[in-house]
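What follows is each chain in one-letter form.
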Amino acid sequence: MSHYLFVQSQDTFTETRAAGQYQLAGQLREAGHDVTLVLVQNGVTPARRHAQCRHFDQLLQQGVHVIADDFSLRQREIDSSELKDSVAVGTVEAVIDAMLAGHKVIWN
Amino acid sequence: MNHSHSKDSHSKESKTLTFAFMDPPFESERTVTFFRLLDTALEKGANVRIFAYEGAVALAFARQQPHGNSVHGRDSNAENHPLTRDWIAALQQKAVARELGFEWINCGLCVDERGVNEVIAGCGRGGPPDLWRYASEAFNTLTIGTR
């Protein structure tokens, strides 16, 4: 099992490629790897409770760890209470921790 | 090739992380996230190496100048416009204080295209072989694409 962390700056509302990025993360999870998404910048928008994004929601069901960057949320006035269940709030520390742990870290 | 080292201040026990970045200053939120990652890496005790290419070679340009905002009635001091060269200098100082390495190399080809040859102290000029070297020697590497 490998550990993957995607720094997800893109979202499906503004970048058509984001759906494919989510799918890759889900496929890695389905293959048995540990997968984390750290949502930064506009990447946090699908994490809002009422945002309709099928590909993103599927990641939560697949057991992908999803962390929304607190700084990005505050910039957009999104409170943690407004996020979908299973979305944690964190910081970019998670990215550095993953790099220092030797995980495969990829920027989307 | 002329590039800057701070090997004397390297912590030999700390891991080294390499970052490759290509966004210019003032154009994208990615630049802010990039600098947050560099700061966090130092906070976590890592040595940091940056290979800046394409537009990112302007991040360390020594002749960046702040400006006021006449529409909002603010002079330069009041506007307090952030400059990326100051952010880099602050990270350099943090690295020194923590006895960590912080190296910044601009791709010379990209510098020549843009004419941003004057960089702040501690930043140097190199080329793709330096990116290969930085990535090869690093414990881990993150490449941040422009989109």
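Before any of the text, the structure's been laid out above.
Here goes a summary of the coordinates provided. Predicted, not measured: the structure shown is a model, and the values here were computed from it.

Now for the state of the cysteines. By definition, a disulfide links the sulfur atoms of two cysteine residues through a covalent bond. Residue and element names in this part refer to chain B. Under the criterion given, the structure shown has 0 disulfides over all chains. Cysteine Cys 107 shares no disulfide, and the gap to the nearest cysteine sulfur, in Cys 110, comes to 3.4 Å. Looking at Cys 107, the relative accessible area reads 4%, which means it is buried. Using a relative accessible area of 6% as the deciding quantity, one classes Cys 110 as buried.

To continue, consider the packing of aromatic side chains. Residues and elements named next belong to chain B. Throughout the structure, instances matching the rule amount to 8 aromatic pairs over all chains. Their ring planes at 65° and their centres at 6.2 Å tell us that Phe 34 and Trp 104 sit as a pair that is edge-to-face. A residue pair is termed long-range when its members are at least 10 positions apart, and Phe 34 in helix H1 (residues 29-43) and Trp 104 in strand E3 (residues 102-107) qualify at 70 residues. With a relative accessible area of 0%, Phe 34 lands in the buried category.

Okay, the sheet that holds strand E1 (residues 16-21) of chain B next. Pairing between the strands of a sheet comes from backbone hydrogen bonds, and it takes one of two forms, parallel or antiparallel. Residues and elements named next belong to chain B. Spatially, E4-E3-E2-E1-E5 is the arrangement adopted by the 5 strands of the open sheet, whose pairing is parallel. The open sheet has two free edges, formed respectively by strand E4 (123-126) and strand E5 (140-144), since each of these has just one partner strand. Sheet twist, expressed as the average angle between the axes of neighbouring strands with direction ignored, equals 20°. Pairing between E1 and E5: 5 bridges, direction parallel.

Summed over the entire model, instances satisfying the criterion amount to 22 salt bridges over all chains. With a closest N to O distance of 2.7 Å, Glu 29 of chain B and Arg 76 of chain A form a salt bridge. On the criterion of chain membership, the pair formed by Glu 29 of chain B in helix H1 and Arg 76 of chain A in the loop between helix H3 (70-75) and strand E4 (87-90) is interchain, its members lying in two chains. One salt-bridge network, held together by shared partners, links Asp 39, Glu 43, Lys 94 and Arg 98 of chain B.

This part takes up the environment of Gln 10 of chain A. By the element assignment, Gln 10 of chain A lies in the loop between strand E1 (3-8) and helix H1 (18-30). Taking the C-alpha atoms as reference points, Gln 10 of chain A and Gly 43 of chain A, 33 residues apart in sequence, are found 4.8 Å from one another. With residues near it in sequence (within four places) discarded, Gln 10 of chain A still touches Glu 15, Arg 17, Ala 18, Gln 21, Tyr 22, Gly 43 and Asn 108 of chain A together with Arg 147 of chain B.

As a further point, take the nonpolar core. Phe 19, Phe 34 and Trp 104 of chain B are the most contacted members of the largest nonpolar core, which totals 39 residues. Of all the elements, H1 of chain B adds the most residues to this core, at 6 residues. By size, the runner-up hydrophobic cluster in this structure holds 21 residues, among which are Tyr 22, Cys 53, Val 64 and Leu 73 of chain A.

Quoted interface sizes are often the accessible area lost when the parts come together. Tallying the contact residues gives 25 residues for chain A and 22 residues for chain B. Of the roughly 2000 Å² buried between chain A and chain B, counting both surfaces, carbon and sulfur atoms make up 61%. Contact with chain B buries area across many residues of chain A, yet Met 99, Leu 100 and Trp 107 of chain A alone supply 37% of it, more than any other trio. Along the contact surface separating chain A from chain B lie 4 salt bridges.

The rules behind these values
Residues numbered from 1 in each chain as written. Chains lettered and ligands numbered in written order. Predicted model: local features only at pLDDT ≥ 70, side-chain atom pairs only at ≥ 80, totals over all residues. Heavy atoms only, no water. Disulfide = S-S within 2.5 Å. Buried < 20%, exposed > 50% of the residue type's maximum accessible area, 1.4 Å probe, protein only. Phe/Tyr/Trp six-rings, centres within 6.5 Å; stacked < 30°, edge-to-face > 60°. Helix = DSSP H or I, 4+ residues; strand = E, 2+ residues; numbered from the N terminus. Pairing = 2+ DSSP bridges. Axes fitted to C-alpha atoms, helices over the stretch in contact; angles between N-to-C directions. Salt bridge = Lys/Arg side-chain N within 4 Å of Asp/Glu carboxyl O. Contact = heavy atoms within 4.5 Å. Core = buried A, V, L, I, M, F, W, Y, C linked by side-chain atoms within 4.5 Å. Buried area = accessible area lost by both parts, 1.4 Å probe.

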